[in-house]
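# An overview of the molecular structure
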Amino acid sequence: MARFANGKAPFLRKTDDLTYGTQVIMRDFLIGLIPLILFAWYKNGIKVYVEGNATLLEMFYPIIFIMLGGLISMVIEGLFFIITDKEVRTLKVMMKKLQLSYAMIPGILLAMILPLYTPIWVLIFGCIMATFVTKLLFGGFGYNIFNPALIGYVAIAFTLMGVINKAGGVLNGSEVLIDAIAGATPLSTLSTTNLLSYQTLVAPYGSLWNFFIGTIPGALAETSALACIISFVWLSARKVIKWFVPVIYIGTVFGLSWLIGIFNGQAGIWFPTFSILSGGLMFGAVFMATEPVTTPKNPLGKIVFALFLGVFTVLFRFIGQYPEGVATSIIFMNIFTMPIDKWTSVIRTQGVTKKTIIKIIILAILIIAIATYALIKANSIYSASIGLPLYIGGWN
Amino acid sequence: MKIFFKNYGLLMGLIAILIGIFAIGGIYSRYVTNQHAVLVAEAELSRLEAEQEAARVASYLALFAQGTKVEKYTSETVDKTYNLSGDRGEFSPSIIDSYHIYNGDVEIGVVYVVSSKGHEDGLNIAFAIDIATDTCIGVVVIANAETQTIYSTLTDTWFTQFENFQFDTLSIEIDAVAEATESSKGFEIGLLYAREVYAVEYGFEIPTTNITIVSMTYNYNPDTFANAVFIADVIHGEDNTAVSVYLSRTYDYVGIVGDGVTLTIDEQTVLKTIASASGLVSNKSWFVSYNVDTRVLVMNAKGFKSTPIVVTITLNATLDGIEGIPVITSSETYDENEYGDYAGGPAPEVENNLINQYLDDGNIVVDGVADATITSNAMKQLIYLLDNFISTLTGDE
């Protein structure tokens, strides 16, 4: 039997209650991170220790690093509250505010997408950029325009990646001993060789199964597609995220990558599979592209947002200077969250009318144009085989 | 204070936590980075060693025209001791690595990497042996710690003597380079040892002949000592015939002392090998000539330089001592690698020093000059021979 609420409007939904709904969402969100955190600890700590390539102290580094990310963000936010809010003078009040602000999440997410051998002071810098600059200066939880963790990551990537590489980079103690890997992640191998070859891109790391499981070089907690899928199922089931956002985002990247492969002489399904299992796409699609504050609110807006993310990720990843494109595309699209929300709200509420058809056409043209440009441009960069001058030494 | 902590305690606490994370976390991440750096360095070293090993294996394979495959294995342990050149004692070589060489699945050769000793330890040489012909077909020098200016005198031409070197040669002897006798000897020791191991592993019979040295001494007879530096008492032949023979300074057979059954060519060859390896006598100094009328004795001593020290001595009329001061011609320089710390005057200061010690009291036990060991040793041997020669003339011996 259907249940009806009796009483006078306006009605308050359970999820609109700040102390209940958001708390539950964030609790579920944190639970969703657990598979990835555990896998990151297993892959970069426990497994390496068992294989004899790390000490006991090194074994605990990944998990401590992630927890420290959360703690640092909380401390920074706590300091901000004490300085800016006269009412925050006791630990109890501060903790209450931190709890409502979900202070630890940017730091945890940031730590998860950084390389294993990131020095702690670099993490502190990233947390300041994420929490203080991106979140608190914009008004705190719910008011930030950009994804805080990604801004922290990009700030580090553009300024301190050399420090991280000098400190050890992405390869853990076991990966560094594998000759075939030679210090590169799959995407950086693609970026340096421009070669769509299974032997070059996949074989050095084992097989695509390794990509799926996550036993390939990469950032601390973003390599496992399996863990991401588990989290995706959990978060979707708990209605923390909309299931179609990651699906559309990843699907767009898959489709465009497949076309790039075909246009460059590599029609195998392995290449688009490689493309979606490499780098931080899965992680970004599940945890960043679905972030409730910095992404559109209405379903149509989310779909448009995800489509744009897909084409921009392909554009940045395959055409840009850096091998990864997820963080940049999400941050870039964060700028357009508000207009997308506005346009799509109009389309959603008014349906296909003379007024809205133009908006639909403009959005469609933009997506198609960017995707086409990416495909054309990629055609002049990549090839499926080694070029003749490269093959015959001395011609250059 | 209480109010201060009430107002700022939380702030200070958070700042302290942040500083604590920065400091302790910094130490922790530095520790992890350092551990990782050690691992990376070890991995790099391991990679480098693997590359070097691959290059070495490729060079071994290249020595065999029909070789298609190399397989590493652990060879038999053979205990064998050889005399080093000069009076530097004995040395036991060892096998570092060994490899079977195949053509398809058929074994065609073997490579022994022998750790020998030239002037220094660590003269590691790979000897490639064709098992069909029992022949050393070439060598690859893996490592050496020799004095490079001296070692470089071993030219490519010199190394060709190891190509197609038959193991059934009665007595293995490598032509030594005058400037690098110790390194040359190191190669000879390595080759001899490789043959020994090969004999054990592949059932190869090392050719031999029945000849043994009973004793060896110096020849003090002025009529013969110029060419016959040593006299060796040997037993040879199936009948174990005893005979005394003259040997040159390089231990070559010169002839029979008096009457007796002469040695066969094979016995002469083997005698040279065993005499040079026996360590019973030293060839660091020797008599060149003696003029009975003028009583002038000319002797040579081999110091550091390839050109020997020439000592001209005039005996007194009663032939029981030395008249005047010996004339010494020396091209020793004392400033080579061997004499890096020598602090005395130029040549022939060391030679004069030692001979004057002998002239002062007639005692053949003289003190060497610090940091001029090789020259000192050569001169000590010369003084020993000189004293014995005078004793022989006066009939004191």
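Residues numbered from 1 in each chain as written. Chains lettered and ligands numbered in written order. Predicted model: local features only at pLDDT ≥ 70, side-chain atom pairs only at ≥ 80, totals over all residues.

We now examine the overall build of chain B. Helix and strand counts for chain B stand at seven helices and 16 strands. Sorting the 397 residues of chain B into buried and exposed places 34% on the buried side. (Helix = DSSP H or I, 4+ residues; strand = E, 2+ residues; numbered from the N terminus. Buried ≥ 20, exposed ≤ 12 C-beta atoms within 10 Å, placed from the backbone.)

Turning next to the overall build of chain A. For chain A, the helix and strand inventory stands at 19 helices and zero strands. Looking at chain A residue by residue over its 396 residues, the buried ones come to 48%.

Quick look at the pairing of strand β6 (residues 121-130) of chain B now. Residue and element names in this part refer to chain B. Most of β6 sits inside the fold, with eight of its 10 residues counted as buried. The sheet contact formed by strand β5 (residues 106-117) and β6 spans nine bridges and is antiparallel. Looking at the pairing, Tyr 112 lines up with Phe 127 of β6. Here β5 folds back onto β6 in antiparallel fashion, the turn holding three residues. Both β6 and strand β7 (residues 135-143) contribute to a ladder of seven bridges, which runs antiparallel. Across the sheet, residue Ala 126 finds its bridge partner in β7, namely Val 140. What sits between the antiparallel neighbours β6 and β7 is a turn of four residues, in which Asp 134 has the positive phi angle 50°. (Pairing = 2+ DSSP bridges.)

Take the sheet that holds β5 of chain B next. All names here are of chain B. Here six strands make up an open sheet; going across it, the order is β1-β4-β5-β6-β7-β8 and the pairing antiparallel. In this open sheet, the two edge strands, each paired with only one partner strand, are β1 (69-73) and β8 (165-166). In the packing of helix α1 (residues 2-63) onto the sheet, contacts are made with β1, β4 (94-103), β5, β6 and β7, and the angle to β7 comes to roughly 160°. Where helix α4 (residues 181-202) meets the sheet, its contacts fall on β4, β5, β6 and β7, and the angle it forms with β5 comes to roughly 135°. (Contact = placed C-beta atoms within 7 Å. Axes fitted to C-alpha atoms, helices over the stretch in contact; angles between N-to-C directions.)

Residue and element names in this part refer to chain B. In spatial order, the strands read β9-β10-β11-β12; together these four strands make up an open sheet with antiparallel pairing. Either end of the sheet is taken by a strand with one partner, and the two such strands are β9 (211-218) and β12 (253-256). Neighbouring strand axes in the sheet, compared pairwise and without regard to direction, differ in orientation by 30° on average. The pairing of strand β11 (residues 241-247) with β12 spans three bridges and is classified as antiparallel. When the bridges of β12 are listed, Leu 247 appears paired with Tyr 253. In this fold helix α5 (residues 265-278) packs onto β9, β10 (230-236), β11 and β12, with an angle of close to 55° to the strand it touches most, β9.

Moving on, we get to the interface of chain A and chain B. Listed per partner, the contact involves 26 residues of chain A and 21 residues of chain B. Looking at the side of chain A that touches chain B, the elements with two or more residues in it are α2 (56-84), α3 (91-101) and α5 (120-136) of chain A. Taken together, the residues of the side of chain A that touches chain B break down into 18 nonpolar, five polar and three charged. (Nonpolar A, V, L, I, M, F, W, Y, C, P; charged D, E, K, R; others polar.)

This part is about helix α14 (residues 281-288) of chain A. In terms of residue burial, α14 of chain A counts as a mostly covered element, since eight of its eight residues are buried. Within α14 of chain A the residues assigned to the buried category are Leu 281, Met 282, Phe 283, Gly 284, Ala 285, Val 286, Phe 287 and Met 288 of chain A.

Okay, the packing of helix α15 (residues 299-319) of chain A against helix α17 (residues 337-350) of chain A next. Residues and elements named next belong to chain A. Interaxial distance between α15 and α17 falls to 8 Å at its minimum, and their mutual angle equals 130°. By the angle class used here, α15 and α17 are oblique. Two packed elements cross with a definite hand, and for α15 against α17 that hand is right-handed. Facing Leu 300, Gly 301, Val 304 and Phe 305 of α15, the residues of α17 in contact are Thr 337, Ile 340, Asp 341, Thr 344, Ser 345, Ile 347 and Arg 348. Classifying every residue of the contact of α15 with α17 by side-chain character gives five nonpolar, four polar and two charged. (Parallel < 35°, antiparallel > 145°, perpendicular 65-115°, else oblique. Left-handed = near helix turned anticlockwise from the far one by under 90°.)

Residue and element names in this part refer to chain A. As for its position among the elements, Ile 37 is in helix α1 (residues 18-50). Of the residues examined, Ile 37 has 20 C-beta atoms within 10 Å and is grouped as buried. The sequence separation of Ile 37 and Ile 66 amounts to 29 residues, and the corresponding C-alpha distance is 7.8 Å. Not counting chain neighbours up to four residues away, the residues in contact with Ile 37 comprise Ile 66 and Ala 221.

The nonpolar side chains of a soluble globular protein tend to be buried with one another. In this structure, Ala 111, Met 112 and Leu 123 of chain A are the most contacted members of the largest nonpolar core, which totals 123 residues. Counting residues per element, this core draws most heavily on α2 of chain A, which supplies 14 residues. Built from parts of two domains, this core gets at least three residues from each of domain 1 (17-167) and domain 2 (193-217 + 241-379) of chain A. Setting aside residues no more than four positions away along its own chain, Met 112 of chain A makes contact with Leu 36, Ala 40, Ile 66, Leu 220, Ala 221 and Glu 222 of chain A. Core analysis: the second largest hydrophobic core is formed by 49 residues, Ala 228, Ala 372, Ala 378 and Phe 389 of chain B among them. (Core = buried A, V, L, I, M, F, W, Y, C linked by C-beta atoms within 7 Å. Domains from an automatic or database assignment.)

Here chain A averages 87 in pLDDT, while 90% of its residues score no lower than 70. This model gives residues 386-396 of chain A a pLDDT under 50, and the stretch forms four contacts once residues within four places in sequence are excluded. (pLDDT = per-residue confidence, 0-100.)

Right, let's get into the confidence of the model for chain B. All names here are of chain B. Per-residue confidence for chain B averages 88 on the pLDDT scale, and 97% of its residues sit at or above 70. Here strand β2 (residues 82-83) is the element of chain B with the lowest mean pLDDT, 84, and β5 is the one with the highest, 95. Interface confidence in the predicted complex, given as ipTM, is 0.83; pTM for the same model is 0.67.

A few words on unusual backbone geometry. All names here are of chain B. Note that the residue after Ala 347, namely Pro 348, is joined by a cis bond; omega there is 10°. Among the secondary structure elements, Pro 348 is positioned in the loop between β16 (322-329) and α6 (349-361). The residue Asn 240 is not glycine, and still its phi comes out positive at about 50°. When the 10 C-beta atoms within 10 Å are taken as the criterion, Asn 240 is described as exposed. Within the chain, Arg 295 stands out as a residue other than glycine whose phi angle is a positive 60°. As for its position among the elements, Arg 295 is in the loop between β13 (285-291) and β14 (296-301).

On to the environment of Lys 359 of chain A, then. Residue and element names in this part refer to chain A. Mapped onto the elements of the fold, Lys 359 is located in helix α18 (residues 354-379). For Lys 359, a count of 16 C-beta atoms within 10 Å translates into the label partly exposed. Lys 359 sits 13 residues away from Val 346 along the chain, and the two C-alpha atoms are 9.3 Å apart. Residues in contact with Lys 359, not counting those within four places in the same chain, are Trp 343, Val 346 and Ile 347.

A pair of packed helices is captured by two measures, namely the crossing angle of their axes and the spacing between those axes. All names here are of chain A. Their axes nearest at 9 Å, the elements helix α4 (residues 104-113) and α5 cross at an angle of 135°. Compared by their axis directions, α4 and α5 come out oblique. In this structure, the crossing between α4 and α5 has a hand that is right-handed. Touching Pro 106, Gly 107, Leu 110 and Ala 111 of α4 are Leu 123, Gly 126, Cys 127, Ala 130, Thr 131 and Lys 135, all from α5.

As a further point, take the environment of Val 366 of chain B. Residue and element names in this part refer to chain B. By the secondary structure assignment, Val 366 is in the loop between α6 and α7 (373-394). Each C-alpha atom, one on Val 366 and one on Lys 380, is 6.9 Å from the other, the two residues being 14 residues apart in sequence. Not counting residues within four places of it along the chain, the set of residues in contact with Val 366 comprises Leu 354, Gln 357, Tyr 358, Lys 380 and Ile 383.

A separate point is α5 of chain A. Most of α5 of chain A sits out of view: 12 of its 17 residues are buried. Every buried residue of α5 of chain A is listed here: Ile 120, Val 122, Leu 123, Ile 124, Gly 126, Cys 127, Met 129, Ala 130, Thr 131, Thr 134, Lys 135 and Leu 136 of chain A. Residues of α5 of chain A that are buried sit in contact with α2, α4, α6 (148-159) and α7 (161-167) of chain A together with α1 of chain B.

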